[in-house]
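In case you want the letters, here they are:
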Amino acid sequence: MLISPEDLPTLPTPPARTALVAGASGIAGSALVDLLTEQGWSVIALSRTPVAARPGVSPVSADLRSVESLRTALAGHQPTHVFFTAWLRQDTEAENIRVNSAMVRDLLTALADAPVRHVALMTGLKQYLGPFEAYGQGEVPDTPFHEDEPRLSVENFYYAQEDELWAAARARGFTWSVHRAHTVIGHAVGNAMNMGSTLATYAAICKELGRPFVFPGSETQWNGVTDMTDAGLLAEQMVWAATTPAAADTAFNIVNGDTFRWRWLWPRLAAHFGVEPEGFGEAARPLEAQMTDAQPVWDRIVAKHGLVEGDLGRLASWWHSDADLGRAMEVFADMGRSRAAGFTGYRDTEQAFLDLFERYRAERLIP
C-alpha cells in the first residue's frame, strides 16, 4: 500500500540555532555577534550596556554578577549555544576567581530551562603564564604552549571558570569548548584590554607631539618570537567548535598562525602612521609613564580631526599593553590540536593590525 506524504507522522522541528553572546560589546563578543549574524544565526547580545539593535540581534542588558538580573533579562529567551567572553577585573586574583567564576555559574544557572547544546568559553594564555599578580612565577611551560600542559600551582580565575563550565556540562549534558587566546586585537570601544586601539592612539599622540614612536616593552619582547590573536579568527574558532562534533569537550589555543618579532613589526606599524620608530633602549619605557599627560593632547587631536571619542581612556589601555609588551619571557602558542581537529583559520598579524586601524579611521575614532 502506498503511503501519501500527508499520512506520514509529523516529526518535531528541531530548535533553530540561537546564540547567546555574553560580553557582546567587547572585542571578542563584537566579533562573534558580527560573524553569527553573517551566518544567519539569531543572536542574543548580552552586555551591561546594550549594544545597538540590528536585524537578527536582540540586545539584552543584565548584570552578570546577579543571577536574578540574568533570569529576569533572559526570561523567554531560548539559546541553543552560549559564547562566554566577559570578565571583570578585580584588585586581587582571589576576587577575580570569586567574581568571574560566579558569572559563568550564574549565567548557566539562569539558563537552566533553555535548550543549551554547547557552551564556548574564552580564556587566554594566562592559563600557562599565571594571573597578573603571579605572572610568570613558578614553572612556566616551554614555548610553544600546548593545551595539555598541567595547571600551574597558583590560583587562576581561568581555572575556576573552567571548573564551573565542566560542572554544569556534566550536570546538564551539553558539550563545551575553551578558547585560549593571546593578546586579542579587534574592534571595540571602552574595552579594558585593547592593544590595537592603544597603539593607534599612542601613534597619533606621538605624531601630534613630533615624538618618536618608542617601543615601551622589554628587551625579551623586542627580540623574541611572539604571536597574537585577531578577534575575527577567535570568533571563527568558537563558532566552529560549537558546531563541530569532533571539537566537543576540548580546550584549544587560538592564535593567528604566524609568529613575529616586535623589532620587525614595530617599524612597519610606525610607517603606517607616519611616525619615527624607536626600539628597545636600555630599559622598558612603559606607556603608562609616557602617557600620564596625554588627555589634553588627545583633546587637541579630536578637535583638529573631528573625531567622535574624546575620552582617551575608552580607547587606550596603557596598563594592559605594558603588561603584554613588558614580559621578560617568550610567549607563543601551538595550534596543532586545532589543525588536527579541522580548524584551518589563519590571519596575517600585520594585516590584522592595518585592517583594524583602517576601520577605526573610517569610524573617526583615530585620525
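Residues numbered from 1 in each chain as written. Predicted model: local features only at pLDDT ≥ 70, side-chain atom pairs only at ≥ 80, totals over all residues. Heavy atoms only, no water.

1. Comments concerning unusual backbone geometry
Rules: We count a stretch as a helix when DSSP gives it H or I for four or more residues in a row; a strand needs E for two or more, and each element gets its number in order from the N terminus. Using a 1.4 Å probe on the protein chains alone, a residue whose accessible area is under 20% of its type maximum counts as buried, one over 50% counts as exposed, and one in between counts as partly exposed.
Cis geometry is found at the peptide bond from T143 to P144, where omega equals -5°. Along the polypeptide, P144 turns up in the loop between helix 4 (126–129) and helix 5 (157–172). Look at T183: it is not a glycine, yet its phi comes out positive at around 45°. Of the residues examined, T183 reaches a relative accessible area of 10% and is grouped as buried.

2. Considering the packing of aromatic side chains
Defined as follows: Here the aromatic set is Phe, Tyr and Trp, taking the six-membered ring for Trp, and pairing holds for ring centres within 6.5 Å; pairs whose planes are under 30 degrees apart are stacked, those over 60 apart are edge-to-face, and all others are tilted.
Tallied over the full model, the rule gives 17 aromatic pairs. Plain terms: the ring middles of F213 and W266 are 4.2 Å apart, the flat faces sit at 5° to each other, and that makes the pair stacked. In this pair, F213 sits in strand 8 (residues 213–214) while W266 sits in helix 9 (residues 262–273), placing the two residues 53 residues apart along the sequence. Between W240 and F343 the ring centres are 5.4 Å apart and the planes differ by 45°, which places this aromatic pair in the tilted class. One end of the pair, W240, is in helix 8 (residues 231–243); the other, F343, is in the loop between helix 13 (336–341) and helix 14 (349–362), and 103 residues separate them in sequence. On the basis of relative accessibility, which here comes to 13%, the residue W240 falls in the buried class. Under the relative-accessibility criterion, F343 is labelled buried at 6%. Every member of this aromatic cluster is reached through a ring pair, and the members are Y202, F213, F215, W222, F260, W262, W266, F273, F353 and F357.

3. Quick notes on helix 8
For an α-helix, the turn length of 3.6 residues means that residues three or four places apart are oriented alike. This is how it is decided: Multiplying 1.5 Å by the residue count of a helix minus one yields the expected span of that helix.
When the terminal C-alpha atoms of helix 8 are compared, their 19 Å separation across 13 residues agrees well with the 18 Å that a helix rising 1.5 Å per residue should span. In terms of residue burial, helix 8 counts as a mostly covered element, since ten of its 13 residues are buried. Within the sequence span of helix 8, burial applies to A231, L233, L234, A235, Q237, M238, V239, W240, A241 and A242.

4. Concerning the sheet that holds strand 3 (residues 57–61)
The line we're drawing: At least two bridges found by DSSP between two strands is the condition for calling them paired. Axes, fitted as lines to C-alpha atoms, cover a helix only where it is in contact. Angles between the N-to-C directions of the axes lie from 0 to 180 degrees. In this analysis, two residues are considered to be in contact whenever any of their non-hydrogen atoms come within 4.5 Å of each other.
The strand order across the open sheet formed by seven strands is 3-2-1-4-5-6-10, and the pairing between neighbours is parallel. Only two strands of the sheet have a single neighbouring strand rather than two, namely strand 3 and strand 10 (250–254). On average, each strand axis in the sheet is inclined to that of its neighbour by 20°, with strand direction left out of account. As defined by bridge partners, strand 4 (residues 81–84) adjoins strand 5 (residues 118–124) across four bridges and the pair is classed as parallel. Considered in strand 5, the bridge of F83 is made with A120. The sheet contacts of helix 2 (residues 67–74) involve strand 1 (18–22), strand 2 (42–47) and strand 3, and relative to strand 3 the element is tilted by about 150°.

5. Here we look at the pattern of salt bridges
Put simply, the test is: Throughout this description, the term salt bridge denotes a Lys or Arg side-chain nitrogen within 4 Å of a carboxyl oxygen of Asp or Glu.
Following the criterion strictly, the structure yields 19 salt bridges and no others. Measuring nitrogen to oxygen at the nearest pair gives 4.0 Å for the salt bridge that ties R337 to E147. Of the two residues, R337 sits in helix 13 while E147 sits in the loop between helix 4 and helix 5, which places them 190 residues apart along the sequence. When its relative accessible area of 31% is taken as the criterion, R337 is described as partly exposed. The partner of E309 in a salt bridge is R314, and the shortest N-O contact between them spans 3.1 Å.

6. Description of the packing of helix 2 against helix 3 (residues 93–110)
Applicable threshold: For classification purposes, angles smaller than 35 degrees are called roughly parallel, those larger than 145 roughly antiparallel, those between 65 and 115 roughly perpendicular, and all remaining angles oblique. Crossings are assigned a handedness: left-handed for a near helix turned anticlockwise from the far helix by less than a right angle, right-handed for a clockwise turn.
Between helix 2 and helix 3, the shortest axis-to-axis distance is 9 Å and the interhelical angle comes to 40°. Comparing the axis directions of helix 2 and helix 3 gives the class oblique. When you trace helix 2 past helix 3, the crossing you get is right-handed. Two secondary-structure elements touch here, helix 2 through V67, L70, R71 and L74 and helix 3 through D106, L107, T109 and A110.

7. Looking at the confidence of the model for the protein
Test applied: A residue's pLDDT is the predictor's confidence in that residue, given on a scale from 0 to 100.
Per-residue pLDDT for the protein averages 93, and the proportion of residues at 70 or more is 95%. The low-confidence segment residues 8–15, where pLDDT is below 50, has three contacts with residues more than four positions distant or belonging to other chains.

8. Observations concerning the side chain of H320
Relative to the helices and strands, H320 resides in helix 12 (residues 318–325). Not counting residues up to four positions away in its chain, the partners in contact with H320 are F132, A192, M193 and N194.

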